Amino acid sequence: MAEALLLYEGKAKKIFETDKQDEVIISFKDDATAFNGLKKDEFADKGRVNLAFTKYFFNLLETGGIKNHIVSFIDETSLRAKKVSIIPLEVVVRNLAAGSLCRRLGFEKGIELKPTLCEYYLKDDSLNDPILAKEHIKYFNYVTEKELACIEEQALRINELLYTHMEQKGITLVDFKLEFGRTADGQIILADEISPDTCRFWKKGTMESLDKDVYREEKGDLVGSYKVLADILGLEL
Ligand code: TMP
Ligand code: ASP
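None of these values were measured; they are calculated from a predicted model.

Rules behind the numbers
Residues numbered from 1 in each chain as written. Chains lettered and ligands numbered in written order. Predicted model: local features only at pLDDT ≥ 70, side-chain atom pairs only at ≥ 80, totals over all residues. Heavy atoms only, no water. Helix = DSSP H or I, 4+ residues; strand = E, 2+ residues; numbered from the N terminus. Buried < 20%, exposed > 50% of the residue type's maximum accessible area, 1.4 Å probe, protein only. Lys, Arg positive; Asp, Glu negative; His and termini not counted. Salt bridge = Lys/Arg side-chain N within 4 Å of Asp/Glu carboxyl O. Contact = heavy atoms within 4.5 Å. Near = heavy atom within 4 Å. Polar contact = N/O pair within 3.5 Å; in protein donor to acceptor, adjacent residues only side chain to side chain. Areas by Shrake-Rupley, 256 points an atom, 1.4 Å probe, with all protein chains shown as cover. Nonpolar A, V, L, I, M, F, W, Y, C, P; charged D, E, K, R; others polar.

Engineer: Whenever I open this one, the side chain of Glu-90 confuses me. Can you help?
Structural biologist: Here Glu-90 shows up in strand E9 (residues 89-96). Despite its burial, Glu-90 pairs with no opposite charge, the nearest such side chain being Lys-123 at 4.2 Å. Setting aside chain neighbours within four positions, we find Glu-90 in contact with Glu-119, Tyr-120, Tyr-121, Lys-123, Asp-129, Lys-177, Leu-178 and Glu-179.

Okay, here's the thing in structure tokens:
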């Protein structure tokens, strides 16, 4: 692992080459960033905790028929994944208004969004991940129309599965971000991670965050909040 070639380093993960052409190793870092990297800190144990959440949520979704890029788990902070070409879209699904939606359009935080809102952002840090209209996606061919339909269908199904599961645990899934990858044979599958870094979770009936807003808004102990969530889910860390 120490000698593996680093292919890419993102804000929260590193991707390494493996002995197989079609597989990579993804290692979860302890770094947390916000506001496109303007705020950056390291939190002991965050990588391990986020990998555990990703395993939990991806397993749950797989049972519900959603395929993902994970091949196997290597250790507490790294996993082996299919090498996919990452679709340059951040897919955000929103059940309640929060975050950039409130800032941009002036909605009151916590307002229910019915039907669920699905948004697309261009995955490009140098442009600060700008929001895209479907027209831009089609016009500039980021994905084909068929691929976009497949992404949206999966995103909404993922929302149904996660929302229902979390609701039963007493947690409201406010919103979350997904990334998808294209396999060598052209399938679009769920990639990246699902963790409290990429979702907003509120204790049901409150706006108490158990997610990265704790760090974004400096509301307390980040990893401590993630561990409270793990405990609620019965996820052993
Ligand atoms: P936003 O309200 O800041 O647009 O975030 C919407 C959701 O997407 C929220 O659950 C946090 C997640 N998210 C990421 O995972 N990565 C990001 O870079 C951003 C901006 C948001
Ligand atoms: N992940 C993004 C960043 O660093 C933003 C966020 O999650 O708020 O910069």
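Engineer: Hey, could you run me through the site of ligand 2 in this one?
Structural biologist: Neighbouring ligand 2 are Lys-11, Thr-33, Ala-34, Phe-35, Asn-36, Gly-37, Lys-212 and Arg-216. One nitrogen or oxygen atom from the main chain of Gly-37 is found 2.8 Å from an oxygen atom belonging to ligand 2. Taking Arg-216, its side chain carries an N or O atom lying 2.7 Å from an oxygen atom of ligand 2. Protein coverage of the free-state accessible area of ligand 2, which is 260 Å², stands at 72%. Split into classes, the residues belonging to the shell around ligand 2 amount to 2 nonpolar, 3 polar and 3 charged.

Engineer: What am I meant to see in the site of ligand 1 here?
Structural biologist: Around ligand 1 sit 15 residues, and of these Arg-94, Ser-100, Asp-175, Lys-177 and Arg-200 come closest. One of the side-chain N or O atoms of Arg-94 is found 2.9 Å from an oxygen atom in ligand 1. In the model, an oxygen atom of ligand 1 is placed 2.6 Å from a nitrogen or oxygen of the Asp-175 side chain. In the complex, 79% of the free accessible area of ligand 1, which totals 450 Å², lies under the protein chains. Listed by contribution, the elements that provide at least two residues to the shell around ligand 1 are E9, helix H2 (99-105), strand E12 (171-182) and strand E14 (199-203). Partitioning the shell around ligand 1 into residue classes produces 5 nonpolar, 3 polar and 7 charged.

Limitation: the analysis is restricted to geometry and does not speak to function.
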